[in-house]
Amino acid sequence: MSVALCILSLLGLAADATAQAPTVQTPIAPTPIADERLTTGAGTDGDLAQPVSPSDRPVEAIPPAASWFPGETIAMARFADVDAFQRQWADSSFGAQMQDPAFAEFFAAVTEQLSGMSDGLGIDLTRLWREAEGELSVGLTRNSDGELAILAVADLADDTTAEQLLQRMERRLRGESSESTSATLGDLRLTSWQRKQDRTIRNLSYFRSGRQIVFSDGFQTLAEVARRGEDRSTQSLLNNDNFSHVMNAVTPGQDASGLQWYVNPLGVVNAAVRANLTAGTSAEAADAMIDRLGLGQFRGFGGSFYLGKGGMDSVSSTYGYVQTPVEGFWKAFRLPATEQRPPDWVKDDVSIYSQINWSAERFLQSVQEMVDRAQGEGAFAGAIGSMSVGNSEMTVSELAEQLSGPLHIAAEIPENAAQLARQKAVFAVGVADPAAIESLVKSLADGAGADPLPAGDRTVYRLSLDTSQFPGMPPMELAVAVSEQSLMFSPNAGYLQSTIAGDNQKRPLAESPQYQEIASQFPEQTSMISYQRQDGRMEGLYEQLRSGLLGAQGLPSLSGQLFNFDFQKLPPFPAMSRYLQSTGSFIVPQEDGFRIVSFATPPREQ
């Protein structure tokens, strides 16, 4: 999310930053966290973890642009009020970083690269971002022929500004020898440009309706959008109940100052299935499988992102709208809420900690129900549940009963690229009978030829992984042990040994002031909690990024264009250390779905 926001805002804000005279920046003063935790307070439709107050320019939660989008739009993202978001950005640590002279060279290079992206798209993104006044939305949809298409809607200050933006764009398109065609539909004049050169967008179509411009990469899609605008009785995203429900749930107090997004889960599944249908497989058969799995129960997915609200540097709330009670596929992912706290074996020197109330037994029971429903009673037990685990006498079903949860993840941020393959991380799942699991682990480890290593009064089994067939890949290992009522795994045997042996002089994470600051925002009962602390240990990895050792080379198509910046223009780590943050997130179940809340405290200089 933050990467996408940086790119979008860089379109205009980076240019502003580099055009201004440099100013000396003082370290960012930490803002006190709001007295009240990030509550699951009420939005218009029910609970919403939202420390935000209404903006000074409130608008309706349902965006006007939604009336142009078809009812079954696959995905959409919108800035409901671009000006309000830009003001938020300027007052956040993101804005401070972009105004910091130490980063001027990097952001100037980013702006130049994004200008090249504008050439590929045919739209001056920098100017559009600067001149948009009101809403700016973009989405993915299908036309009546089932073709995927991009659709975007931009509100400008007035009719003249909108027309001038189109005139500049048309001059650029004529300059690259593109050819245009036009058509009229009611009061709308539709224009489509066929671009001869090798561009990201080969067709650019648009029309203007007052101070609003609607863009698409397909003329047929644009024509259907225009007809929808002429006939408001046509089904649009504006009157899609799932979209309305999700948007109301993630727009607290109808606050229009943030970024909102929406995904139609079933639309995504259908698009993926139809794009990968093999010969002899009909769309009807695929739909029947989707129904059997119960995928249609996931009705909508969306979120919001705000800056500088509730004493936080940033806050996001994501809402999954699910038909309840859940059945089929979704039942396997139930995560009941409970009181969650890091166990004492997790010390305060970890950079990352997560706890998920996951149970292998619950998961396997749900899978068994799906298999038996599709293939008959006892099908799962006969095919999978009764299978032996490796060379042991324990069956898959018996193992699942033992893995009672929860799941813990404790890790340190890699200090360099070499540590990525052997990260200091431990994955642990609670077990019902440690002795039974220890016997299983020893049997499997002996059969695999793993090396036993001492760890206090426990044993860590290290299995070396053969990576010789993958040129350039460093040696890797997998370490396994049973300790602290948990089955533990790690890609770094030494780290697992030290974790189990323990250091009584180290403070448990749960007693750390930094963790407690984040945990104070968690509800009393959660399905998942997560904590991350950025600190000086990031310096090695950051400096390797600056050196060019790490980058986006090899990423496909647009992904490579978005992320392949010149990181060698970043300043030395001391300049970056002023912007390091602590972050937290949690998941809570809702009556008709679930909510994920993530937040970041204001930076503190490291």
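Quick summary incoming for the structure in this document. Sequence order as written defines residue numbering, which begins from 1 separately in each chain. Local features are withheld for residues below a pLDDT of 70 in this predicted model, meaning they are given only at 70 or higher, and side-chain atom pairs are given and counted only at 80 or more; totals for whole chains, interfaces and linings count all residues. The basis for every side-chain value is the complete set of heavy atoms in the structure, and neither hydrogens nor water enter the calculation.

Helix and strand assignments come from DSSP, with helices taken as H or I runs of at least 4 residues and strands as E runs of at least 2, each series counted from the N terminus. Regarding its fold elements, the protein presents 19 helices and 22 strands. Each residue is assigned to one of three classes by its accessible area relative to the maximum for its type, calculated with a 1.4 Å probe on protein chains only: buried under 20%, partly exposed between the two thresholds, exposed over 50%. Here the protein holds 606 residues, and the buried ones make up 49% of them. Contacts are residue-level and defined by heavy atoms, with any inter-residue pair within 4.5 Å sufficient. Of all intrachain contacts in the protein linking residues separated by at least 6 positions in sequence, the fraction that spans at least 24 positions is 69%.

This part covers the nonpolar core. By size, the foremost hydrophobic cluster in this structure holds 43 residues, and its most contacted members are Phe103, Met169, Tyr206, Ile213 and Phe215. No other element matches helix H6 (residues 159–175), which puts five residues into this core. Nonpolar cores were defined as sets of buried Ala, Val, Leu, Ile, Met, Phe, Trp, Tyr and Cys residues, with membership established by side-chain atoms within 4.5 Å. By size, the runner-up hydrophobic cluster in this structure holds 29 residues, among which are Tyr353, Val426, Leu453 and Leu509.

Moving on: a nonpolar patch on the surface. Patches draw on residues past 30% relative accessible area with no salt bridge. Two like charges within 9 Å are joined, as are two nonpolar side chains (Val, Leu, Ile, Met, Phe, Trp, Tyr) within 5 Å. Computed by Shrake-Rupley with a 1.4 Å probe, the accessible areas treat only the displayed protein chains as cover when residues are assessed. By definition here, a salt bridge exists when the distance from a side-chain nitrogen of Lys or Arg to a carboxyl oxygen of Asp or Glu is within 4 Å. Among the surface-exposed residues, Val138, Leu140, Leu148 and Ile150 lie close enough to one another that they form a single nonpolar patch of about 300 Å² accessible area. Position of leucine 148 among the secondary structure elements: in strand S5 (residues 148–156).

Whether two aromatic rings pair depends on their centres lying within 6.5 Å, for rings of Phe, Tyr and Trp, where Trp uses its six-membered ring; planes under 30 degrees apart make the pair stacked, over 60 edge-to-face, and the rest tilted. Counted according to the given criterion, the structure contains 22 aromatic pairs. Taking 6.1 Å as the distance between ring centres and 45° as the angle between the ring planes, the aromatic pair formed by phenylalanine 301 and phenylalanine 594 counts as tilted. Here phenylalanine 301 is found in strand S11 (residues 298–307), whereas its partner phenylalanine 594 is found in strand S22 (residues 593–600), with 293 residues between them in sequence. Relative accessible area serves as the criterion here: at 24%, phenylalanine 594 is assigned to the partly exposed category. With a centroid separation of 5.7 Å and an interplanar angle of 65°, the aromatic rings of tyrosine 542 and phenylalanine 573 are classed as edge-to-face. Here tyrosine 542 is found in helix H17 (residues 539–547), whereas its partner phenylalanine 573 is found in helix H19 (residues 573–577), with 31 residues between them in sequence. With relative accessibility at 9%, the residue tyrosine 542 sits in the buried group. The class of phenylalanine 573 is buried, set by a relative accessible area of 5%. Three or more aromatic residues link up through ring pairs in this structure, and these residues are Phe79, Phe85, Trp89, Phe94 and Trp129.

Another point: the side chain of serine 490. Within the secondary structure layout, serine 490 lies in strand S19 (residues 486–490). By relative accessible area, which is 1% here, serine 490 ends up buried. Within 3.5 Å is the distance limit for a polar contact, defined as a pair of N or O atoms, with the added protein rule that one can donate a hydrogen and the other accept it, and that residues adjacent in sequence qualify only through two side-chain atoms. A distance of 2.6 Å separates the side chain of serine 490 from the backbone oxygen of alanine 425, its partner in a polar contact. A distance of 3.0 Å separates the side chain of serine 490 from the backbone nitrogen of asparagine 492, its partner in a polar contact.

The periodicity of an α-helix, 3.6 residues per turn, causes residues three or four places apart in sequence to face the same way. Here helix H11 (residues 360–375) spans 22 Å end to end across 16 residues, near enough to the 22 Å set by a 1.5 Å rise per residue. Burial in H11 covers these residues: Ala360, Leu364, Ser366, Val367, Met370 and Asp372. At the N-terminal boundary of H11, the capping side chain belongs to serine 359, with an oxygen 3.2 Å from the backbone nitrogen of glutamate 361. Two residues or fewer after H11 comes glycine 376, characterised by a positive phi angle close to 110°. Under the convention used throughout, the expected extent of a helix is 1.5 Å for every residue step, that is, one less than its residue count.

Under the counting rule described, the total for this entry stands at 20 salt bridges. With a closest N to O distance of 2.8 Å, glutamate 477 and arginine 422 form a salt bridge. Of the two residues, glutamate 477 sits in strand S18 (residues 476–483) while arginine 422 sits in the loop between strand S14 (407–411) and strand S15 (425–430), which places them 55 residues apart along the sequence. Residue aspartate 535 is joined to arginine 533 by a salt bridge in which the shortest nitrogen-to-oxygen separation is 3.4 Å. Per residue, the accessibility class of aspartate 535 equals that of arginine 533, and both read buried. When salt bridges that share partners are traced, they join Glu412, Arg533, Asp535 and Arg537 into one network.

This part takes up unusual backbone geometry. Of note, the amide linkage connecting threonine 324 to proline 325 takes the cis form, showing an omega dihedral of 0°. For proline 325, the location among the structural elements is in the loop between strand S12 (314–322) and strand S13 (352–356). The residue after glycine 405, namely proline 406, is reached through a cis peptide bond having omega 0°. With respect to the secondary-structure elements, proline 406 resides in the loop between helix H13 (396–402) and S14. The residue serine 177 is not glycine, and still its phi comes out positive at about 65°.

Time to look at the environment of methionine 169. Mapped onto the elements, methionine 169 comes out in helix H6. Along the backbone, methionine 169 and aspartate 124 are 45 residues apart, and their C-alpha atoms lie at a distance of 7.2 Å.

Turning our eyes to something else, we now look at the environment of aspartate 155. Tracing the chain through its elements places aspartate 155 in strand S5. What makes aspartate 155 buried here is its relative accessible area of 9%. The spacing of aspartate 155 and valine 82 is 73 residues in sequence and 9.3 Å in space, taken between C-alpha atoms. The contacts of aspartate 155, once residues within four sequence positions are left out, are Glu131, Ala132, Glu133, Gly134, Glu135, Arg211 and Gln212.

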